[in-house]
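Close look at the chain arrangement
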Amino acid sequence: MAGGENPSAVPARSADEGPDGVKLLGAIGLLSLCLIAPALAQPRHGLSAFGDLKHPPGFRHFDYVNPDAPKGGELRSWQLESYDNLNPLILKGVMARNLSLTFQGLMARGMDEPDAVYADLAESAELADDRSWVAFNINPKAKFSNGTPVTAEDVVFTVEAAKKDGHPVYQLVLRDVDSVRAESRLRVVFRFAETESRRDLPLTVAQLPILPKAWFAGRDFASPTMEPIPGSGPYRISRVDAGRSLTYERVKDWWARDLPVNRGRHNFDWYRDDYYRDREIAFEAFFAGEYDFREEVTARHWATSYTPKPAFQDGRVKREVFKDETPSGVQAWFLNSRKSHLADPRVRQAINLAYDYEWANKTLFYGLYKRTRSMFENSDLAATGLPSPAELELLEPYRDRLPPELFTREFQPPQTDGSGNNRANLKKAQALLLEAGWKISNGKLVDAKGKPFELEFMLYEPSFQRIINPFARNLERIGIDISIRVVDISTFENRMRSFDYDVMSRRFVQPLTPGIEQRNYWASRSAGTVGSFNFSGVNDPAADDLIEHIVKARNRDELRAATRALDRLLMWGWYVVPHWYSGTFKLGYWDRFHRPARKPIYDVGLVDTWWIDPARDKALNLQRQR
């Protein structure tokens, strides 16, 4: 769904660079490994990072679904801006939303567990005790929407194409896949490099959307396509209205509809995304009945814009708050430390001091938000208080290169009294800038050569300017020349991928079990990788080391210590000006639905588990063109 005070038109796709060499094992040893090892493991119905599975073999359905939910009707949503690509695995173009409806992975997430996946395309998996390999046995019933069967060769093709020509985030997370081989028509084996990332790799490859090899014959995998790619998922794309809408049709005879991971899900016959270039027009279209629901992330709309509407007053439109039990995501102004004028952490701290969050929350956000203080906010992975002994053990080797405050103080973003008078923090900010080598000349900050300090905020939608403008005025008061550049979404994506910006707003979601994707967010190697999510250009061997401790954590206690240690390094490095979060899902929807008795812990579940109530739907009588 599109954002508001969440600035991401295209949320970051949570998956996260060249393959490592294969060690020579000797001909006899290698032959034995190929022929014997995969047969030693017992078939499993599910996998998790630490071996914990809630659902036993033979479970019938997830707890958060109604297995008897009726099918039918249409669900409409909205997205901001546009799209020009229907391939979910590549960098080029602007990918359409919700393509995951049309594809399957070998295994599917359980949304009430932090990292569990269960049999989907694959009817079982076999995992080596040391996680050096995993084998998947594909369900013989599996087929793509064009009727062709899914085979191990399709899996091999997808993985090899993603490693060679896929989005850098896929290249990064798959780099330690040494090989993927079809042992038979329905059995595929992955072998992993001798690295600590083996903990997550079986789950990573299990969730990769599988594409049909035959369909790409004669087509360039790396080029955007507006031709729907046949998938094996619950929906197929039935209509492409370029840049305006995308319609998905439920596959009525879907081969996997009765699998435990799918029973009670995917209940709408049609799902449609309508694309709008203006947020306000999209809001009015919602109350005109053009689409069914919106996750409300604009405080002004939630606080003031619903109550005057007749459809809300008479109960046709509902407004409801759901608890959010997931990490709230990294939403911030990212300061590009690759740029020379933003390389000094004192400069980045000074920019932080100029932002008056308390005033903004009171004046612009109606007091609805909490300040983000962590890269893992709204989870037990967020660093609080002083470093624990386990964290200190990880941080001590880098004490001489880390800020002393990291060891003696809990991180807190700069605070104000909310009055709008930010003079004290601006005075501190100017002192830090002077300490970093900048000078004041005619009221402007200049460097040693007299060049002004210029800072550009890059946006793709004008509405976010109302939030930036007060921040910009404070920055101008300490001598920084500010410009705000609003570009179209394609230009924004291209400049973001090539790190051609000073400051830009973005959001990406942290997983419940952090792992190899952290390399894509913060590792030195990703700082120079076009298309990575290392938006701030973090390039620090201490961060690299802590990321590898996250990747190799053997249990949740070790994971928690490593994640919190990395969190402290990043926040005290002032790489971002952190935004805000809610800790809830705020949902507005037309009252035409039923839903299960409980929602999944880590999702709202509307698209996935709700269904149409025929009586309510008929009463609303929403007239729409398909």
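Definitions and cut-offs
Residues numbered from 1 in each chain as written. Predicted model: local features only at pLDDT ≥ 70, side-chain atom pairs only at ≥ 80, totals over all residues. Heavy atoms only, no water. UniProt positions renumbered as here; feature names shortened; annotations may be inferred. Helix = DSSP H or I, 4+ residues; strand = E, 2+ residues; numbered from the N terminus. Rg over C-alpha atoms; globule rule 2.2 N^0.38 Å. Lys, Arg positive; Asp, Glu negative; His and termini not counted. Charge placed at Lys NZ, Arg CZ, Asp CG, Glu CD. Salt bridge = Lys/Arg side-chain N within 4 Å of Asp/Glu carboxyl O. Buried < 20%, exposed > 50% of the residue type's maximum accessible area, 1.4 Å probe, protein only. Contact = heavy atoms within 4.5 Å. Core = buried A, V, L, I, M, F, W, Y, C linked by side-chain atoms within 4.5 Å. Domains from an automatic or database assignment. Phe/Tyr/Trp six-rings, centres within 6.5 Å; stacked < 30°, edge-to-face > 60°. Lys NZ or Arg CZ within 6 Å of the ring centre and 35° of its normal. Pairing = 2+ DSSP bridges. Axes fitted to C-alpha atoms, helices over the stretch in contact; angles between N-to-C directions.

- The protein chain carries the name ABC transporter substrate-binding protein in an unreviewed UniProt entry, which gives Ferrovibrio terrae as its organism.
- What UniProt states about the protein chain under its Sequence similarities (unreviewed entry) heading is, verbatim, "Belongs to the bacterial solute-binding protein 5 family."
- The heading Subcellular location (unreviewed entry) in the UniProt record of the protein chain holds the text "Periplasm".

Digging into the overall build of the protein chain
- Of the regular secondary structure elements, the protein chain holds 20 helices and 25 strands.
- Taken against the 2.2 N^0.38 rule, which gives 25 Å for 626 residues, the C-alpha radius of gyration of the protein chain at 25 Å falls within 12% of a compact globule.
- Within the protein chain, one finds 85 positive and 84 negative side-chain charges whose respective centroids are separated by 3 Å.

Let's talk about unusual backbone geometry
- Non-glycine residue Asn378 carries a positive phi angle of around 65°.
- Tracing the sequence through the fold places Asn378 in the loop between strand 15 (370-371) and helix 10 (389-395).
- Within the chain, Trp574 stands out as a residue other than glycine whose phi angle is a positive 55°.
- Tracing the chain through its elements places Trp574 in the loop between helix 18 (556-572) and strand 21 (576-578).

What to know about the pattern of salt bridges
- Tallied over the entire structure, the rule returns 46 salt bridges.
- For Asp380, the salt bridge identified is with Arg560, shortest N-O distance 3.2 Å. In this pair, Asp380 is assigned in the loop between strand 15 and helix 10 and Arg560 in helix 18, connecting sequence segments 180 residues apart.
- Judged by its relative accessible area of 44%, Asp380 is partly exposed.
- Linking Arg485 and Glu456 is a salt bridge whose minimum nitrogen-to-oxygen distance equals 2.9 Å. Separated by 29 residues along the polypeptide, Arg485 in strand 19 (residues 481-486) and Glu456 in strand 18 (residues 454-459) bring together distant segments of the chain.

So, the side chain of Thr326
- Residue placement: Thr326 occurs in the loop between strand 13 (317-323) and strand 14 (330-335).
- Excluding residues that lie within four positions of it along the chain, Thr326 makes contacts with Asn378, Leu512 and Tyr602.

Comments concerning the environment of Ile467
- Turning to its location among the elements, Ile467 is positioned in helix 13 (residues 465-477).
- In sequence terms Ile467 and Val169 are 298 residues apart; their C-alpha atoms lie 30 Å from each other.
- Once residues lying within four places of it in the same chain are set aside, the contact partners of Ile467 are Glu5, Trp333, Leu364, Phe365 and Trp580.

Concerning the nonpolar core
- In terms of nonpolar packing, the biggest core is built from 150 residues, with Leu47, Leu99, Val134, Phe136, Phe190 and Trp522 touching the most fellow members.
- Built from parts of two domains, this core gets at least three residues from each of domain 1 (46-216) and domain 2 (330-581).

Quick word on the packing of aromatic side chains
- Counted by the stated rule, this structure contains 51 aromatic pairs.
- Ring geometry for Trp333 versus Trp580: centroids 6.1 Å apart, planes at 80°, classification edge-to-face. With Trp333 in strand 14 and Trp580 in strand 22 (residues 580-581), this residue pair connects regions lying 247 residues apart in the sequence. Neither residue differs from the other here; Trp333 and Trp580 are each classed as buried.
- Taken together through their ring pairs, the aromatic side chains of Trp78, Tyr276, Phe283, Phe286, Phe287, Tyr291, Trp302, Tyr306, Phe312 and Trp590 make up a single cluster.
- Sitting over the face of the ring of Trp215, Arg219 holds its NZ or CZ atom 3.8 Å from the ring centroid.
- The ring of Trp302 carries Arg319 above its face, with NZ or CZ at 5.0 Å from the centroid.

Topic: the sheet that holds strand 23 (residues 584-590)
- Pairing is antiparallel in the open sheet, where 3 strands are placed in the order 12-23-13. If you trace the sheet from one side to the other, it starts and ends with strand 12 (293-295) and strand 13, each paired once. Going from strand to strand, the sheet's axes swing by 20° on average, the running direction of each strand aside.
- When strand 12 meets strand 23, the two strands line up antiparallel, connected through 3 bridges. Its bridge partner being in strand 23, Glu295 is matched across the sheet by Leu587.

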